[in-house]
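So the chains spell out like this:
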Amino acid sequence: EFGMRALRAYPSLVAEVEAACGFEVEFRPEGILKVAFTDEQAGELRARLAWQQRLGEPIAWLDAALCRELEPRLSLRVAGGVFSHAEGSVSNQLLALGLERAGRALGVDVQERTPVTGFTRSAGRVTHVRSGGRSFECDVVVLAAGARSGQLARRLGVALPVEPVRGQMIALGGMRPPIRRIVWGPDGYLVPRANGLVFAGATVERVGFRRRTTRAGIGRLRAMARRLVPQLGAATTPFAWAGLRPGTGDGLPYIGPMARWANVIAATGHYRNGILLGPLTGKLVAAGVASGDWTEAAAFSPERGA
């Protein structure tokens with residue numbers, strides 16, 4: 001339900017950000033096609049389809065022929081799939097840049113390359129955030145440090161079990177993009193970009209904070225892409241990258257006040273859904289800080305497992 005709320009709010013968010021920053025963020029709500037190769041995989045997709053339709057989402061089952069009508073370059077092994085009309089993609093890089101520029105226009109002071117080194121505390125509150133030789137006075141601290149959030153929480157003597165989960169991705173090029181929309185398969189997904197590349201992702205690896213690509217990971221992604229769209233077997237790989245997702249034990253994010261500190265708010269642990277859930281999380285945090293009412297975010301309380 002949280003994801004659906006976030007998805008439905010995205011068009012207005014994008015319009016607001018683009019108006020403020022002056023450029024487009026490559027928002028493409030053209031639907032997502034999830035496909036199966038086997039009867040077992042098709043059964044799993046149909047089971048998900050049933051409850052998604054009960055929630056009122058515009059989602060439909062497509063047989064193999066209809067899947068290839070949507071995306072003619074799909075593998076002949078595709079046995080069927082689910083098409084979700086309301087979903088799509090956005091450039092995470094452009095969206096982040098747009099949000100930064102929109103924030104600066106509103107007077108936000110953005111400090112880059114400024115790692116937090118400690119906190120100054122008094123009477124159950126954090127009064128300053130320290131970074132190197134500088135100290136930033138604060139009324140409220142929002143802990144939104146992604147996979148590093150747990151490390152920072154420990155400096156405050158609070159347990160916030162967020163673990164890094166590495167995801168490797170590759171860019172595929174050297175040809176006209178063979179797909180028009182996002183295609184998910186059993187082992188990964190393909191995202192066509194406006195610059196003519198197709199992004200293929202993503203691995204799921206619990207290897208600590210090792211943020212680097214591996215030959216094995218890149219090989220698995222190329223094989224996955226080739227299984228979904230055989231033509232991509234001839235693609236070049238201009239570049240590859242890896243990131244660290246903030247995972248949690250129950251798969252839900254942490255949003256809300258943290259134990260022991262009256263003015264420290266968690267907004268982290270979104271795992272693979274940060275781009276979708278981040279903006280709505282920001283609105284919940286802003287409303288909670290302003291009103292003191294965290295009812296809307298109760299299901300995501302950092303204290304839910306205490």
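One can find the structure itself at the top, above this paragraph.
It should be emphasised that the depicted structure is a prediction, and the values quoted were computed from it without experimental measurement. (Residues numbered from 1 in each chain as written. Predicted model: local features only at pLDDT ≥ 70, side-chain atom pairs only at ≥ 80, totals over all residues. Heavy atoms only, no water.)

Trainee: What is the right way to look at the packing of helix α1 (residues 2–21) against helix α7 (residues 274–291) in this model?
Mentor: Any two packed helices are characterised by the angle at which their axes cross and by the distance between the axes. As a packed pair, α1 and α7 sit with axes 8 Å apart at the nearest point and diverge in direction by 85 degrees. Between α1 and α7, the angle is such that the two are roughly perpendicular. On the side of α1, the interface is formed by Phe2, Gly3, Arg5, Ala6, Leu7, Tyr10 and Leu13, while α7 contributes Ile275, Leu276, Leu277, Pro279, Leu280, Thr281 and Leu284. Grouping the amino acids of the contact of α1 with α7 by side-chain chemistry returns 11 nonpolar, 2 polar and 1 charged. (Axes fitted to C-alpha atoms, helices over the stretch in contact; angles between N-to-C directions. Helix = DSSP H or I, 4+ residues; strand = E, 2+ residues; numbered from the N terminus. Parallel < 35°, antiparallel > 145°, perpendicular 65-115°, else oblique. Contact = heavy atoms within 4.5 Å. Nonpolar A, V, L, I, M, F, W, Y, C, P; charged D, E, K, R; others polar.)

Trainee: How should α7 be read in this particular structure?
Mentor: Because each turn of an α-helix spans 3.6 residues, side chains separated by three or four positions in sequence point in the same direction. Look at α7: 24 Å from first C-alpha to last across 18 residues, which is about the 26 Å you get at 1.5 Å a residue. Residues of α7 that are buried: Leu277, Leu280, Thr281, Leu284, Val285 and Gly288. Elements that come into contact with the buried residues of α7 comprise α1, β7 (141–143), β13 (254–257) and β14 (264–268). Gly292, located one to two residues past α7, shows a positive phi value of around 80 degrees. (Expected span 1.5 Å × (residues − 1). Buried < 20%, exposed > 50% of the residue type's maximum accessible area, 1.4 Å probe, protein only.)

Trainee: Could you clarify how one ought to interpret the nonpolar core in this entry?
Mentor: Looking at soluble globular proteins, one finds that nonpolar side chains tend to be buried together. By size, the foremost hydrophobic cluster in this structure holds 23 residues, and its most contacted members are Leu33, Leu74, Leu172, Leu190 and Leu228. Where this core is concerned, the elements lending two or more residues are β1 (32–36), α3 (64–70), β8 (163–172), β11 (198–201) and α6 (215–228). Take this core: its biggest share by element is 4 residues, from α6. With residues up to four places along the chain from it excluded, the contact list for Leu172 reads Leu197, Val198, Ala200, Arg222, Ala225, Leu232, Ala235, Thr236, Thr237 and Pro238. (Core = buried A, V, L, I, M, F, W, Y, C linked by side-chain atoms within 4.5 Å.)

Trainee: Quick question: what am I supposed to make of the packing of aromatic side chains here?
Mentor: A full pass over the atoms with the stated rule returns 6 aromatic pairs. Ring geometry for Phe199 and Phe239: centres 6.3 Å apart, planes at 75 degrees, overall edge-to-face. Taken together, the residues span a long stretch of sequence, with Phe199 in strand β11 and Phe239 in the loop between α6 and β12 (240–247) at a distance of 40 residues. Aromatic side chains Phe239 and Trp241 sit 5.6 Å apart centroid to centroid with 35 degrees between the ring planes, which places their arrangement in the tilted category. You can call Phe239 partly exposed: its relative accessible area is 39%. (Phe/Tyr/Trp six-rings, centres within 6.5 Å; stacked < 30°, edge-to-face > 60°.)

Trainee: What am I meant to see in the sheet that holds strand β5 (residues 125–131) here?
Mentor: Each strand in a sheet pairs with its neighbour through backbone hydrogen bonds, running either in the same direction (parallel) or in the opposite one (antiparallel). Strand order in this open sheet of 3 strands is β4-β5-β6, and the pairing throughout is antiparallel. Looking at which strands have only one partner, the edges of the open sheet turn out to be β4 (118–122) and β6 (134–137). For this sheet the average axis-to-axis angle between neighbouring strands, irrespective of direction, equals 30 degrees. Note: β4 against β5, 5 bridges, orientation antiparallel. From the neighbouring strand, Ser122 faces β5, where its bridge partner is Arg125. (Pairing = 2+ DSSP bridges.)

Trainee: Please explain the side chain of Ser84 as it appears in this structure.
Mentor: Inspection of the secondary structure puts Ser84 in strand β3 (residues 80–84). With a relative accessible area of 6%, Ser84 lands in the buried category. Of note is the side chain of Ser84, whose polar atom sits 2.7 Å from the side chain of Glu87. Beyond its immediate sequence surroundings of up to four residues, Ser84 is in contact with Gly31, Ile32, Pro58 and Ile59. (Polar contact = N/O pair within 3.5 Å; in protein donor to acceptor, adjacent residues only side chain to side chain.)

Trainee: Mind showing me how you'd approach unusual backbone geometry here?
Mentor: Backbone phi values are negative for most residues with the exception of glycine, while trans is the configuration of most peptide bonds. That bond from Gly201 to Ala202 is cis: its omega, -15 degrees, falls within 30 degrees of zero. In this model, Glu26 sits at a positive phi of 60 degrees, which is unusual for a non-glycine residue. Tracing the backbone shows Glu26 in the loop between α1 and β1. Classification of Glu26 by relative accessible area gives partly exposed; the value is 26%. Of note in this structure, Tyr271 is not a glycine but carries a positive phi near 50 degrees.

Trainee: Would you mind going over the sheet that holds β8 with me for this structure?
Mentor: Overall, mixed pairing links the 8 strands, which are arranged β2-β3-β1-β9-β10-β11-β8-β12 in an open sheet. Every other strand in the sheet has two partners, leaving β2 (59–63) and β12 as the edge strands with one partner each. Neighbour-to-neighbour, the strand axes of this sheet turn through a mean angle of 25 degrees, independent of strand direction. Where strand β10 (residues 188–192) and β11 come together, 4 bridges link them in antiparallel fashion. Directly across from Val191, in β11, lies its bridge partner Phe199. Across the sheet, helix α2 (residues 39–54) touches β1, β2 and β3, and the angle it forms with β2 is around 155 degrees. Sitting on the sheet, α6 is in contact with β1, β8, β9 (182–185), β10, β11 and β12, with an inclination near 55 degrees to β8.

Trainee: Got a minute to help me understand the pattern of salt bridges in this structure?
Mentor: Side-chain pairs of opposite charge can arise whenever the charged atoms involved come near each other. Counted under the stated rule, the structure contains 11 salt bridges. Two residues, Arg104 and Glu100, come together in a salt bridge whose shortest N-O distance is 2.9 Å. Placement of the pair is Arg104 and Glu100 together in helix α4 (residues 92–105), with a separation of 4 residues, close to one helical turn. Owing to a relative accessible area of 37%, Arg104 belongs among the partly exposed residues under this scheme. Residue Glu100 is classed as partly exposed on the basis of its relative accessible area, which comes to 23%. Measuring nitrogen to oxygen at the nearest pair gives 3.8 Å for the salt bridge that ties Glu205 to Arg220. Highlighted residues: Glu205 in the loop between β11 and α6 and Arg220 in helix α6, separated in sequence by 15 residues. (Salt bridge = Lys/Arg side-chain N within 4 Å of Asp/Glu carboxyl O.)

Any functional reading would require information beyond the geometric quantities listed.
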